[in-house]
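# A structural walkthrough
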Amino acid sequence: MKREVAAGSSVAVLSAFVWSTYYVFLHMLGRTSYFSIFLYPSLVGGVLFLIYGAVKERGIHLPTRKADLLIPALGYLSSQLAIIFSTLVNGGVITATFVLIGDAIMSPAIIYLIGRNRFIPNFLLFLPGIILLILSSVALTLFGGQFAVHSLYGLMLVGIVPVLISIFFVYTNERIMTDGMARILAPTFFVSSAIAFFPMLFLQDPVAMVIPGISDLLILLAIGATSMFAGYWLFFAASELTGFTLTSILMCMIPVFTLLLSVSLIGFSLTPVSVLLVIGAVLGSAMCTLAFSKGKKRNVTHSAR
């Protein structure tokens, strides 16, 4: 394995670990409004990427395309709200597993369909990997005991999460490859916060507008620094090193880390069924990774995927 691929893979796994802490932080929050859960971390992420861009590019710069002030923000807002609601309704392990489907299956599939992939996968490995991942995820959702989905609303939420995640990350990665992280992600966080803020201000919802207590506010700020800054920075840095496809598939470690953190920090109990099903989902993603690594390289002039 080339040095840069090994380095990029390590960075991607570290990104998966950072993002897995998001679900634990949400569980630690008190009775905080959905609005606060979205707004404060997003603002922290925006500020940190603004500082990062100012240091790296010696100034504050907007995206080269005006549409990128809005499109990534809408994608981030919709996907993040779906993850928040699903985590609160279904729990972090289930939500992380369906984020995995968006990252490890749907995102590479979209890249493949639009012809931006570096490799054509080995379908003898790829198809069984997809089947194993999907079956494990569905079984975990239905039969995972403490980690299962128990309502139609919860099922609808986990169903929409991978779709929104994959569309957002594919588009955002394409624009970051052109403009860089700071020019795309800083406006993404700020504009999405503004979009979410004005309806709450107009409705004057007293619950939504209440400032969180000190302990909850510190947790929300920690989420912003980790998941909204460090996690995204690590992910797209890994994408530059190893390509978007492999980086996305390595997000299969998110539900594993989430499960381990939930057991060690929150006190959730493990069951043999939940352990086996999470392992099955990870093995399925690993087979997909091998399928791409053993596939044929496409002869393209512009593809960093």
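Heads up: the structure comes first, above all this text.
Here is a short report on the structure shown in this document. (Residues numbered from 1 in each chain as written. Predicted model: local features only at pLDDT ≥ 70, side-chain atom pairs only at ≥ 80, totals over all residues. Heavy atoms only, no water.)

### Brief notes about the overall build of the protein chain
Cut-off, in case you're wondering: Numbered from the N terminus, helices here are DSSP runs of H or I no shorter than four residues, and strands are runs of E no shorter than two. A 1.4 Å probe rolled over the protein chains alone gives each residue an accessible area, and that area as a share of the maximum for its type sets the label: buried under 20%, exposed over 50%, partly exposed in between. Note on contacts: a residue pair is in contact if any heavy atoms of the two residues lie within 4.5 Å. For every accessible area listed, the method is Shrake-Rupley and the probe measures 1.4 Å; residues are considered covered only by the protein chains on display.
Along its length, the protein chain carries twelve helices and two strands. Ordered by position from the N terminus, the helices and strands of the protein chain form the series α-α-α-α-β-α-α-α-α-α-α-α-α-β. Going through the 305 residues of the protein chain one by one, you find that 51% of them count as buried. A separation of at least 24 residues holds for 89% of the contacts in the protein chain among residues at least 6 apart in sequence. Working note: accessible area of the protein chain is about 13900 Å², and carbon and sulfur atoms make up 73% of it.

### Description of helix H3 (residues 71-90)
Let me state the cut-off plainly: Here the expected length of a helix is defined as 1.5 Å per residue gap, with one fewer gap than residues.
In a regular helix each residue adds 1.5 Å, so 20 residues correspond to 28 Å; H3 covers 28 Å between its end C-alpha atoms and thus fits that length. Where H3 ends, the next residue or the one after it, Gly91, has phi of about 100°, a positive value.

### Considerations on the packing of aromatic side chains
Here is the rule we go by: Whether two aromatic rings pair depends on their centres lying within 6.5 Å, for rings of Phe, Tyr and Trp, where Trp uses its six-membered ring; planes under 30 degrees apart make the pair stacked, over 60 edge-to-face, and the rest tilted.
In the structure shown here, the tally under the stated rule is 24 aromatic pairs. Ring geometry for Phe168 and Phe169: centres 5.2 Å apart, planes at 75°, overall edge-to-face. Comparing Phe168 with Phe169 shows no difference in burial state: the two are buried.

### Thoughts on a nonpolar patch on the surface
Applicable threshold: Patches in this entry comprise residues that are over 30% relatively accessible and not in a salt bridge; like charges within 9 Å are linked, as are nonpolar side chains (Val, Leu, Ile, Met, Phe, Trp, Tyr) within 5 Å. Any Lys or Arg side-chain nitrogen found within 4 Å of a carboxyl oxygen on Asp or Glu counts as a salt bridge.
The grouping of Tyr112, Leu113, Ile114, Phe123 and Leu127 at the surface amounts to a nonpolar patch, some 510 Å² of accessible area in total. Contributions of two or more residues to the nonpolar patch are made by helix H4 (92-113) and helix H5 (123-143).

### Points about helix H9 (residues 214-242)
Note the threshold: Values of bend correspond, residue by residue, to the angle between axes fitted over the seven residues ending at that residue and the seven starting there.
When the terminal C-alpha atoms of H9 are compared, their 40 Å separation across 29 residues agrees well with the 42 Å that a helix rising 1.5 Å per residue should span. The principal kink in H9, of about 30°, is found at Ala230. Positioned one or two residues after H9, Gly243 has a phi angle of 95°, which is positive.

### Examining the packing of helix H2 (residues 34-57) against H3
Selection rule: Axis definition: a line fitted to C-alpha atoms, limited for helices to the stretch in contact. Angles are taken between N-to-C directions and run from 0 to 180 degrees. Angles below 35 degrees are treated as roughly parallel, those above 145 as roughly antiparallel, those between 65 and 115 as roughly perpendicular, and all remaining angles as oblique. Left-handed is the label given to a crossing in which the near helix is rotated counterclockwise from the far helix by less than a right angle, and right-handed is the label when the rotation is clockwise. Under the scheme applied, nonpolar residues are Ala, Val, Leu, Ile, Met, Phe, Trp, Tyr, Cys and Pro; charged residues are Asp, Glu, Lys and Arg; polar residues are all the others, including Gly.
One way to put it is that H2 packs onto H3 with a least axis distance of 10 Å and a crossing angle of 130°. When the axis of H2 is compared with that of H3, the two are oblique. Crossing angle aside, the handedness with which H2 passes H3 is right-handed. In contact with Tyr34, Ile37, Phe38 and Ser42 of H2, H3 contributes Tyr76, Leu77, Gln80, Leu81, Ile84, Phe85 and Leu88. For the contact of H2 with H3, the residue count by class is nine nonpolar, two polar and no charged.

### A look at the pattern of salt bridges
Proximity of charged atoms lets side chains of opposite charge pair with each other. Per the counting criterion, the structure on display carries two salt bridges. In this structure, the salt-bridge partner of Asp68 is Arg175, at a minimum N-O distance of 2.6 Å. You can see Asp68 sitting in the loop between H2 and H3 and its partner Arg175 sitting in helix H6 (residues 152-179), a full 107 residues away along the chain. Among the ionic contacts, a cluster of salt bridges with common partners joins Arg65, Asp68 and Arg175.

### Some thoughts on the packing of H2 against H9
As a packed pair, H2 and H9 sit with axes 8 Å apart at the nearest point and diverge in direction by 50°. One element, H2, and the other, H9, form an angle in the oblique class. H2 and H9 meet at a crossing whose hand is right-handed. Along its contact with H2, which presents Ser36, Ile37, Tyr40, Pro41, Ser42, Val44, Gly45, Leu48, Phe49 and Tyr52, the element H9 presents Leu217, Leu220, Leu221, Ile223, Gly224, Ala225, Met228, Phe229, Tyr232 and Trp233. A class-by-class count of the residues in the contact of H2 with H9 yields 16 nonpolar, four polar and no charged.

### Describing the side chain of Asp68
Selection rule: We define a polar contact as two N or O atoms separated by no more than 3.5 Å, with the added condition that, inside protein, one atom must be a possible hydrogen donor and the other a possible acceptor, whereas residues neighbouring each other in sequence contribute only through side-chain atom pairs.
Relative accessible area serves as the criterion here: at 0%, Asp68 is assigned to the buried category. At 2.5 Å, the side chain of Asp68 forms a polar contact with the side chain of Tyr171. Side chain to side chain, Asp68 and Arg175 meet in a polar contact 2.6 Å long. When residues no more than four places from it in sequence are discounted, the contact partners of Asp68 are Pro63, Tyr171, Arg175 and Ile184.

### Re the nonpolar core
Test applied: Residues belong to one nonpolar core when they are buried, are Ala, Val, Leu, Ile, Met, Phe, Trp, Tyr or Cys, and are joined through side-chain atoms within 4.5 Å.
With 45 residues, the main nonpolar core has Tyr22, Phe49, Phe169, Leu185, Ile223, Tyr232 and Phe236 as its most contacted residues. Elements with a contribution of two residues or more to this core: helix H1 (3-28), H2, H3, H4, H6, helix H7 (181-203), H9 and helix H11 (253-266). Here this core takes nine residues from H9, the largest share from any one element.

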